[in-house]
Structures are given as structure tokens and as C-alpha cells.
Amino acid sequence: MWEQIRSNQVRSVILIALIAGLLLAVGYFLGLYFFDSAVGGLVIALVVWAIMSLIAFFQGDSILLGMAKARKIKPDDAPRLYNVVEEMKIASGLEKMPDVYIIDDPAPNAFATGRDPSRASVAITTGLLQKLNRDELQGVIGHEIAHIKNRDVLLMAITAVMLGTIVILSWYASRFLLFGAMTGSGRRSSSRSSGGGAQAIILIVGIVLMILAPIIAQFIYYAISRKREYLADASSALYTRYPEGLASALEKIGSSTRQLKSANKATAPMYTVNPLNKEGMKVSDLTSTHPPISERIRILRAMAGGASFADYNDAYRKVHSGKPGIISKNTATVVGAVGIREASLSAPGELALASGKSAGRTTPGTHDVSDLTLRLDKWRTVDCECGARWKVPPGFRDDNILCTRCGRRIRL
Amino acid sequence: MPYWGWIIIAVVVIFIFWIIGAFNSLVGFRNQVKNAWAQIDVQLKRRYDLIPNLVETVKGYVKHERETLEAVTNARNLAQQASSAGAAERGKLEGALGAALGRLLAVAEAYPDLKANQNFLALQEELTSTENKISFSRQYYNDSVLKFNNKIQMFPSNVIAGMFNFTLGEFFEVTVAAEKEPPKVSFT
Amino acid sequence: MLCPVCHKDALIVEYQDIELDYCPVCHGVWFDAGELELLMASAGFEDFRRYLDGIINAPETDTQEKKHKCPACGHKMKKAYIDPDSKILVDVCHIGEGIWFDGGEVTRLIQALAQKAPDKGPSQGVLAFVGDMFKYQE
């Protein structure tokens, strides 16, 4: 387990090679048709790809986190969350503790980002934090940390960039083609061609490629993405020694029909659960970045024998009778037998704050998560002698409020 | 020099490089074991620090459980005093401490006032987390020890190990009745 | 959140683990569905969902009052009586995110409570709680 055997990467690498091949083919034909130079086309393709890669590489994390309006938290802001992330860091063998972010959104979801394991971040919505108990939280965080450890973020980013480049090139090619057709001044190669026949073939192949390449690339992208999701589920079960934790969390997430406020097609694969599920619909076919939740839950719950990769593989085969396993044999046998542990006692939504932050509560934990959001948003809290607790937004200008319950004036 | 002279020199040089390589590899594994142990040690110390606070908090709410509380304090002191002992010895003491803690927390379940106490909840969370971290870092430590010991015992690195007196690492096994892990079987 | 009527920042008041949003300008109160559920659970009332649906699906009331937008989902809220007997007209979110009491309704509610105890029924707890929390106004 501590040495990630890369043979599972081999299949993914093959898929990436396929996309790369598509990218080069598109560049080749684009160059051949428009500029009489296949090499020119290849160069253009590579330049576009390089620019997009650089942007994604250096700014990817901050763009993603910024788009989601994520806020970094300190260990005492949410001790239970922070502890769980630290536990998964140890269990997975990750070298450095990732940054932990909270997203103020009622939709339950989580994601991980980071181009290499030593510069990684994990983000979770307040909606999810509120719903899960400790074991479930551990399962979800374990899944995210697995993405970091398995370098899925990097993998998906590379693939996404290639997909993006193919789409851009194909789009421009089609524009040029249309432009050429409309104005009647389509570039015809007159020098090196060996006759009209070869011209026509190149044209046809080029057009077919322009249309099909983005589609094929998308399928490949989704296939890779789904495969990594299964691996992340399996890894989470291994790290936590408790597959039911993640299973139960997925169940809670799946039964919520809320849509995440700020996700789009590009960022979808990074989330724990597909954030683009239309309310009530099940998006679970070849065009989906995540395998269907119900299936993921069934596999996790079929892991009766133990929590290792081999057990996950067996469960996968049980659920998909007939299909070969999803995890290659080498990865599956790297660890010996791993037993499943007992459940731990905990209530959902509790952040386990020390007394300073929430003194005088009757039922601790009820509003932990929303209070955390208020604190991060710089709200002030004042307690009235009658037992009411007033929370004041940062923009509030008056220097006192009237406690409507008892009539006392409270200075701010 | 006759040609076979060069061959002998080449063989000797290769041999020396192999010795250096094997030695460094052993040192590398030994350091990994040390680091892994240090990580466990941090968590064990954290547990020692948390327990007195826990005992004080619980005392106020829980009458007639003096024995359970004392058992925890004693187990904790015993384990802490053995801080410099080997992994096997500490494993036994930590196991006893874990069991005593478990009994205390089980007892606390029956006192709703205690369970509503903010301080107790925060401590309980810290202890649960520390237990988990001990468990996970123990796994990592034991895996490191296994790799190290394999190197020491298997041919040909056992020759180097013997020459430079590398000693086998001790596994850190915490025997607690609640744990249900089956014996580790390696398929590789 | 912003008050649906004045669009100014609302304060939050928490008592016995129930949180309400209160606008100090118009004295309106927002009772979030989650908080409603907590209140009813603590009063031993089980079927909070059915209660809320009952209000949402009540026939459209004939009123001139201006419709406000729900602070949680952004859609216009329905005007409905909180229960068949009382004359307390509230705004309820069309998908059940919560209930809005206009400042005027709160005052009327408190006056009604002063005269007699609220009728038996699930609304009893809700009205009593709101009445208790907002007895004193500027």
C-alpha cells in the first residue's frame, strides 16, 4: 500500500496516449489542409496545448478554489474536520498535510485539487459537513485524499487540457472550413499534391476527424475519470478500514437533489459526486464523469471479507457479474489481508469545538457548521442575559441592538 | 598488467559498489523505521497529555466510578514511564491503556450531562482522533519494519547486515480485545 | 441573509438551539425549514414535513399584500394562513425552504397570544416560540 504499484496507471496511460494521438492527428490534418504543412499543424496543436497546460499548471488550484468560493480553515476552526484530514494523510502515506477549505453551499459535495501530493488541497461544502457523522466524513475525505495520492488531479488535468485543445482546434478548423466554403476561396494546395484524389481523401479524413475527435476524446476522458473514481473509492475503503463510512456518506449525498451553485462541466470530475446531476435525474451513462452513486454504494457494501483492494475488486465483480475487475491484479495484491474495523460513535454535523467557541449550549453541535461560516464571514456574537444569543452581520452599523426577547439593550 | 588483472580489478570494484549500495539501502530502511516510530511517538505523547484533563472533566460528573478513573490514570503513567523502552514492550502497555480508556468512555455513555459538556466532547474528539492516528501510523511503522527486516534476513543483503551489525526492528502490536484485525498475511 | 422586504442585513437570534433571522428595520422574521424541524422535534411533534406541506398546498389566499422573494431559493413566496383557525398570514417558500412573518404579523400574533393561549396543534409551538422571541420591538 505504501508503494503505489503503477500498473493500474498503465491502463490510464494507454487511454491518455490515445487522446494524445487524437490531438496530434487533428493538428496534422489541420496543418495539411490549411497550410500545406502537416508539421505546421502539429506545431500549432502543441503550442496551444502548451499554453493551456501552463495556465492550468500554475493557476489551476487558485482558479478552482476561487471559483468555488472556498475558504481555508485553521485547525481550531473545525477540529473534527481537520483531525479527519490528518488521519487520512497518515493512513495514505501522504507526505504533507493538505490545506483544508470550506465552501459555503447547502449542496453536499467535496473535492480535492493539487498538481502534486506536496501541494494539495481538500475542500468540502457546509452542506456536506452538516450531514455527515465522523465515519462518513472520514470516508469522503479518504476518497479525496486518494485522488491526491494517486495523482488523479494531475492526470485529469492533463487529459482535460488535451481534450480542451482538441475541441479548440476542431472548432477553429470547422470555422475555417466554413469560411473557406462560403467565400469560395478555400485554400487549395497546388504545389505538392499528387492529384485531386489525394486532396479529396485528406479533406474527407480531415472533416471526419474534426467532427469525431472531440466526441471520441470526450468518451475517453469520461472513461478515465470513472476508472479513477472506482480506484479512489477502493483506496478510501483501504485507508479507513471501514467501507460502510463512504457508502453511507454517498447515500446521504445521493438523496439530496440540490445542485451545487458553482460547478460546470470542467470542474465536475474533481468533485466527490457529480455536481451536475439535474434535480431528480440520474446522470449515469457514458457521458458521465462519475459512476452512478447507487452502484458505488453497492460495491462498497459488498465488501464483506475485508478492506483491501482485492476485496474491492471482488465486490466489483460481484456487482457486475461477468465483467473483469476494475483494479489490476498487481495493485490488488500489494497489501495483505486488511480487516474491517468497528463503527465509531458520533453525531452528524458536529465539529467538536472546544468550550471557548460555543459555551452555554444545550445541545452542542446543532449549529456548529453554520456558526463556523458566520465566524469566517466575520459576524459578531453577543449573548443576552436572558439566554438569547444574537449574531450580528459584519456590515451592521448601529452600536447597539434591542434584545426582542427581554427588552435589554445590548452594546456591540 | 595481464588482461585477467583488469578483470579482477573490475570485479573487486563492482563488489565494493554493491557493498556500498546494500549498506546505504539498509541505512535508508532503518531511517524510515525511525521516522515512522517518531510519528507514532508524537501521537502517544499527545494521548498522555490529554488523559489527565479527561479524568478531571469526567470526575465532576461521574460518581462511583473511582476504580475506572484510577485504572486509566495508572495505565497512563505506566505507559508514559516506559517511553524509552522498545516497541514490543510499549505495545503491551499502550494496549492496556487503550483498554482502560475504552472502559472509561463506555462508562461515560451513560451520563447525558457529561455527554453535553463541551469540554468533554472536544476531548473525546481529540482522543478518538489520536487513537486513529496511532492506528494508522502503526500500520505504516510495521510495514516499514517488515521491509527492513526482510532486507536484514534475506540473502544477499543479510551478509552486509551481519557485517555491520544491523539489528532487527521490533513490531508495534497493540493487543486490544476490541480490535478484530485478522493476522497479516503477505501475498507478495 | 437579506430581509426579503427591506433588503437590509438581517440579524440572527438563537435561543434553545433554534435560530431565527430577524430584520431590525421592518421587524420581520424568517423561520428556516431546518429550524422549524428542530423546534417541532423538540416539542415531540413528528411529522414536520406534512405540516409544512399543509401550509404550502393550502389554497391561494385572496390578499392584496405584496409577494416577496424567498431568501433561500429566490422564487416568489406564497401567501398562506399558518393554520386554518388563526388569522396569521405568512409567506411560505414554494418548495418549503421556510416561512416568513411580516413585522405586522408578528405584532398581531403577539397580541393574539396575549389574549388567549394558542389553539392546540402543531402551529401552537411555532407561534408561541415566535411570540416569545419578539415581544419587545423598537
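Not measured: the values here are computed from a predicted model.

Chemist: Can you break down the interface of chain A and chain C residue by residue, with the values?
Modeler: Counting residues at the interface gives 28 residues for chain A and 23 residues for chain C. Regarding the contact of chain A and chain C, the summed buried area is about 2,000 Å², with carbon and sulfur atoms giving 53% of it. The three residues of chain A that bury the most area against chain C are H367, T404 and R405 of chain A, which together make up 32% of that side's buried surface. Applying the counting rule to chain A against chain C returns three salt bridges. A salt bridge links R405 of chain A to D132 of chain C, with the nearest nitrogen and oxygen atoms 3.1 Å apart. Scanning the region where chain A abuts chain C turns up twelve residue pairs in polar contact (both at pLDDT 80 or more).

Chemist: Lay out the nonpolar core with the relevant residues and their values.
Modeler: In terms of nonpolar packing, the biggest core is built from 58 residues, with L81, L129, L137, I141, L300 and Y312 of chain A touching the most fellow members. Those residues in contact with L81 of chain A that lie beyond four places of it in its chain are I73, V100, I102, I124, L129, L137 and I141 of chain A.

Chemist: If you had to explain the packing of aromatic side chains to someone new, which residues and values would you point to?
Modeler: In the structure shown here, the tally under the stated rule is 13 aromatic pairs over all chains. When the centroid spacing of 6.1 Å and the interplanar angle of 70° are considered together, the rings of W390 of chain A and Y22 of chain C count as edge-to-face. Of this pair, W390 of chain A sits in strand β6 (residues 389–392) while Y22 of chain C sits in strand β2 (residues 18–22), on two different chains. For W390 of chain A, a relative accessible area of 0% corresponds to the buried category. Ring centres of W37 of chain B and F172 of chain B lie 5.1 Å apart, and the angle between their planes is 90°; on these two criteria the pair is classed as edge-to-face. Separated by 135 residues along the polypeptide, W37 of chain B in helix α1 (residues 3–61) and F172 of chain B in the segment after α6 (157–163) bring together distant segments of the chain. Taken as a pair, W37 of chain B and F172 of chain B share a single burial class, namely buried. In this structure an aromatic cluster arises from ring pairing among F23, F148, F164 and F166 of chain B. The cationic tip of R405 of chain A hangs over the ring face of Y15 of chain C; the distance from NZ or CZ to the ring centre is 3.9 Å.

Chemist: I'd love a proper account of the packing of helix α1 (residues 33–42) of chain C against helix α2 (residues 48–56) of chain C, names of residues and values included.
Modeler: Residues and elements named next belong to chain C. The interhelical angle for the contact between α1 and α2, taken along N-to-C directions, is 130°, at an axis separation of 10 Å. Judged on the interaxial angle alone, α2 and α1 are oblique. In the packing of α1 onto α2, the handedness of the crossing is right-handed. Taking contact as the criterion, the partners of A33, L36, E37 and M40 in α1 are, on α2, F48, Y51 and L52. The residue inventory of the contact of α1 with α2, partitioned by class, reads six nonpolar, no polar and one charged.

Chemist: Which residues make up the sheet that holds strand β3 (residues 29–32) of chain C, and what values do they have?
Modeler: The strand order β5(A)-β6(A)-β1(C)-β2(C)-β3(C)-β6(C)-β5(C)-β4(C) describes an open sheet built from eight strands, whose pairing is antiparallel. Edge positions in the sheet fall to β5 (380–383) of chain A together with β4 (78–81) of chain C, since each has one partner strand and no second. For this sheet, the mean angle separating the axes of adjacent strands, direction not counted, is 30°. One ladder, built from two bridges, connects strand β5 (residues 89–92) of chain C with strand β6 (residues 98–101) of chain C; its direction is antiparallel. Among the inter-strand pairings, V92 of chain C is bridged to a residue of β6 of chain C, identified as I99 of chain C. Packing of α2 of chain C onto the sheet brings it into contact with β4, β5 and β6 of chain C, and relative to β4 of chain C it is tilted by some 110°.

Chemist: Before we move on, can you summarise the pairing of β5 of chain C with the specific residues and values?
Modeler: All names here are of chain C. The alternating pattern of β5 places L89 and D91 on one face and V90 and V92 on the opposite face, and all of these are buried. Where β4 meets β5, four bridges bridge the pair, whose relative direction is antiparallel. Paired with K78 across the strands is V92, a residue of β5. Hairpin remark: β5 followed by β6, antiparallel, with five residues in the connecting loop; positive phi at G96, about 80°.

Chemist: Quick one: what's the story with the pattern of salt bridges, residue by residue and with numbers?
Modeler: Pairs can form between side chains of opposite charge once their charged atoms are near each other. As enumerated under the stated definition, the model contains 35 salt bridges over all chains in all. Across the pair D399 of chain A and R411 of chain A runs a salt bridge whose closest N-O atoms are separated by 2.9 Å. Highlighted residues: D399 of chain A in the loop between β6 and β7 (400–402) and R411 of chain A in strand β8 (residues 409–411), separated in sequence by twelve residues. Under the relative-accessibility criterion, R411 of chain A is labelled exposed at 62%. For D91 of chain C, the salt bridge is made with K79 of chain C, and the minimal N-O distance between the two is 2.9 Å. Here K79 of chain C lies in strand β4 and D91 of chain C lies in strand β5, a separation of twelve residues in the sequence. Judged by its relative accessible area of 1%, K79 of chain C falls in the buried class. Linked through salt bridges whose partners overlap, the residues forming this network are R80, E87 and R134 of chain A together with E125 of chain B.

Chemist: So, the environment of A45 of chain A: which residues are in play, and what are the values?
Modeler: Here A45 of chain A lies in helix α2 (residues 38–67). Spatially, the C-alpha atoms of A45 of chain A and K96 of chain A are 36 Å apart, while their sequence positions differ by 51 residues.

Chemist: Describe helix α5 (residues 134–149) of chain A, with residues and values.
Modeler: An α-helix turns once per 3.6 residues; consequently, residues spaced three or four apart project the same way. All names here are of chain A. The end-to-end C-alpha distance of α5, which contains 16 residues, comes to 22 Å, matching closely the 22 Å that a straight helix rising 1.5 Å per residue would cover. Residue N133 occupies the N-cap position of α5, its side-chain oxygen lying 3.1 Å from the main-chain nitrogen of D135. Of the residues one or two after α5, R151 is the one with positive phi, at around 55°.

Definitions and cut-offs
Residues numbered from 1 in each chain as written. Chains lettered and ligands numbered in written order. Predicted model: local features only at pLDDT ≥ 70, side-chain atom pairs only at ≥ 80, totals over all residues. Heavy atoms only, no water. Contact = heavy atoms within 4.5 Å. Buried area = accessible area lost by both parts, 1.4 Å probe. Salt bridge = Lys/Arg side-chain N within 4 Å of Asp/Glu carboxyl O. Polar contact = N/O pair within 3.5 Å; in protein donor to acceptor, adjacent residues only side chain to side chain. Core = buried A, V, L, I, M, F, W, Y, C linked by side-chain atoms within 4.5 Å. Buried < 20%, exposed > 50% of the residue type's maximum accessible area, 1.4 Å probe, protein only. Phe/Tyr/Trp six-rings, centres within 6.5 Å; stacked < 30°, edge-to-face > 60°. Helix = DSSP H or I, 4+ residues; strand = E, 2+ residues; numbered from the N terminus. Lys NZ or Arg CZ within 6 Å of the ring centre and 35° of its normal. Axes fitted to C-alpha atoms, helices over the stretch in contact; angles between N-to-C directions. Parallel < 35°, antiparallel > 145°, perpendicular 65-115°, else oblique. Left-handed = near helix turned anticlockwise from the far one by under 90°. Nonpolar A, V, L, I, M, F, W, Y, C, P; charged D, E, K, R; others polar. Pairing = 2+ DSSP bridges. Expected span 1.5 Å × (residues − 1).

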